[in-house]
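# A closer look at the structure
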Amino acid sequence: MSATRREFLRQAAATGAGALVTGTIPLSSIAGAADGPVPPVVVSSANGMSAVTRAMEMITTGSDALDAVIAGVNLVEDDPNDMSVGYGGLPNEEGVVELDAAVMHGPTHQAGAVASLRNIKNPSQVARVVMDRSDHVLLVGEGALRFARAHGFKEQDLLTDKAREAWLYWKEHLSNTDDWLPPHGPDDKDIGALLPEPLRNEFGAFFRHSGTIHCSALDLKGNLSCVTTTSGLAFKMPGRVGDSPIIGAGLYCDNAIGTAGSTGRGEANLINCSSRMVVEYMHAGKTPEEACLEVVKQIVEHNRMKRLRDAQGRPTFEVSFYAINARGAHGGARIYSGGKMAVHDGTAARLEPIAYLYKKDNG
Ligand code: ASP
């Protein structure tokens, strides 16, 4: 027997021969909800109450999970009051809004994404078209914009006055040796020397507002899909791309196992392939909540840079995960206490607390 054949049989024995040969994963190996018909469910980050409501309305009338989650997050992309996504999102360091988004469709195991996309308020829809009408998964910058234009997306200025003023405030308070000055009087010195309290986080570090919406769903046919869309880290370097448009980092979906996505420090998810790992932990039999918590632990374990650790060695940033498995169980986790996720299980939308690794002093 050749080594390859022996290895194949060894793996088959370890994983269950049926699973390896047919390529399907038995539902019984996925932990969580009870046996019986799989109930539809939609989850999202806490800013997604309207999104889960819209997505569940569509799912209960027979929509595919991907159509539903995209329609859900479009509400948040269109909302100028959510300054972390789409229209009204906080701009990059030059005052230009650059959006990232990705979608993943469970039944076909296809994905599409755009990064650093300017002037189009619904990057999740462009990501969908990348999936459906190109042979690629990810388009960036000018190429993504041209692709969007070719498909009839209309350009508009995404920078609201509120977002511009927040950016200007940040710029004017960054340094007392540059040319940008906040309002001041003739007797003021060291103008703009320090960002005031509201822009410092609980660790005393400069607070970079961030935010994103992730939305995952299980539809009436038992299919899974997900989307993540964001304006990314506020005041980022032009061209900076976070985890949100990267399949496996900011979202991932395997129709036979589960779907997961994230919000928070994208760099941590990029170096930990986090969303793929959440799905892999569900594959290994963990509940969605346990799987999310496992990845949170990995991120903390891998966070070796002192500049990103507090006095106790804990991260000075946050990352949150949201997941659903193929049996309809859902859960989430993040690093510090106080996190919530939006959930709709067909009866009502609600905010549920999510698991955490460390209790916040004030949380
Ligand atoms: N994950 C997003 C990014 O890094 C930001 C966030 O969710 O807060 O771009």
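Structure's up top.
Here's what I pulled together on the structure shown here.

What counts, and at which threshold
Residues numbered from 1 in each chain as written. Predicted model: local features only at pLDDT ≥ 70, side-chain atom pairs only at ≥ 80, totals over all residues. Heavy atoms only, no water. Near = heavy atom within 4 Å. Polar contact = N/O pair within 3.5 Å; in protein donor to acceptor, adjacent residues only side chain to side chain. Areas by Shrake-Rupley, 256 points an atom, 1.4 Å probe, with all protein chains shown as cover. 1 Å grid on protein atoms, 1.4 Å probe; cavity = no way out; pocket = protein on both sides within 12 Å on 5 of 7 lines; lining within 4 Å. Sits in = over half its atoms within 2 Å of the grid points. Nonpolar A, V, L, I, M, F, W, Y, C, P; charged D, E, K, R; others polar. Disulfide = S-S within 2.5 Å. Buried < 20%, exposed > 50% of the residue type's maximum accessible area, 1.4 Å probe, protein only. Phe/Tyr/Trp six-rings, centres within 6.5 Å; stacked < 30°, edge-to-face > 60°. Helix = DSSP H or I, 4+ residues; strand = E, 2+ residues; numbered from the N terminus. Arc of directions from axis to C-beta. Contact = heavy atoms within 4.5 Å. Pairing = 2+ DSSP bridges. Axes fitted to C-alpha atoms, helices over the stretch in contact; angles between N-to-C directions. Salt bridge = Lys/Arg side-chain N within 4 Å of Asp/Glu carboxyl O.

## Structural notes on the site of the ligand
- Neighbouring residues of the ligand: 12 residues in total, closest Gly211, Thr212, Arg240, Asp243 and Gly264.
- A distance of 2.7 Å separates a nitrogen atom of the ligand from a polar side-chain atom of Asp243.
- In the environment of the ligand, an oxygen atom lies 3.0 Å from a nitrogen or oxygen atom belonging to the backbone of Gly266.
- Its free accessible area being 270 Å², the ligand has 98% of it covered by the protein chains.
- In this structure, the ligand is accommodated by the largest cavity.
- Counted by class, the shell around the ligand contains 1 nonpolar, 9 polar and 2 charged residues.

## Some points on the state of the cysteines
- This model, assessed by the stated rule, comprises 0 disulfides.
- With no disulfide of its own, Cys215 has Cys226 as its nearest cysteine by sulfur position, at a separation of 9.3 Å.
- Residue class for Cys215 comes out buried when judged on its relative accessible area of 0%.

## Some words on the packing of aromatic side chains
- Applying the stated criterion to the full structure yields 3 aromatic pairs.
- The interplanar angle of 70° and the centroid separation of 6.1 Å between the aromatic rings of Trp167 and Trp180 together place this pair among those described as edge-to-face. Taken as a pair, Trp167 in helix 7 (residues 161-172) and Trp180 in the loop between helix 7 and strand 5 (213-218) lie far apart in primary sequence, 13 residues in all.
- A ring pair is formed by Trp170 and Phe235, whose centres lie 4.6 Å apart and whose planes are at 20°; its orientation type is stacked.

## Structural notes on helix 6 (residues 141-150)
- Along helix 6, the positions that sit buried rather than exposed are Gly141, Ala144, Leu145, Phe147 and Ala148. All buried residues of helix 6 lie within an arc of 160° about the axis, which places them on one face of the element. Counted as exposed and oriented over 90 degrees from the buried face of helix 6: Arg146 and Ala150.
- On its buried side, helix 6 packs onto strand 3 (110-117), helix 5 (123-133) and strand 4 (138-140).

## Side note on the sheet that holds strand 12 (residues 349-353)
- What the 8 strands build is an open sheet, ordered 4-3-2-6-5-1-11-12; its pairing is mixed. A strand with exactly one partner marks an edge of an open sheet, and here the two such strands are strand 4 and strand 12. With strand direction ignored, the average angle separating the axes of adjacent strands in the sheet is 15°.
- As paired strands, strand 1 (residues 41-45) and strand 5 are joined by 4 bridges and run antiparallel to one another. Each bridged residue has a counterpart across the sheet, and for Val43 the counterpart in strand 5 is Ser216.
- Sheet strands in contact with helix 4 (residues 65-78) are strand 2 (99-105), strand 5 and strand 6 (224-230), and its direction is about 20° off that of strand 6.
- Here helix 5 sits on the sheet and contacts strand 2, strand 3, strand 4 and strand 6; the angle it forms with strand 3, its principal contact strand, is near 135°.

## Focus: the pattern of salt bridges
- Considering all chains together, one arrives at 17 salt bridges under this definition.
- In this structure, Arg146 and Glu142 form a salt bridge, with 3.2 Å as the shortest nitrogen-oxygen distance. One end of the pair is Arg146 and the other is Glu142, both in helix 6 and 4 residues apart, which spans about a single turn.
- Using a relative accessible area of 54% as the deciding quantity, one classes Arg146 as exposed.
- Judged by its relative accessible area of 44%, Glu142 falls in the partly exposed class.
- Taking the shortest distance from any N to any O, the salt bridge between Asp345 and Arg350 comes out at 3.1 Å.

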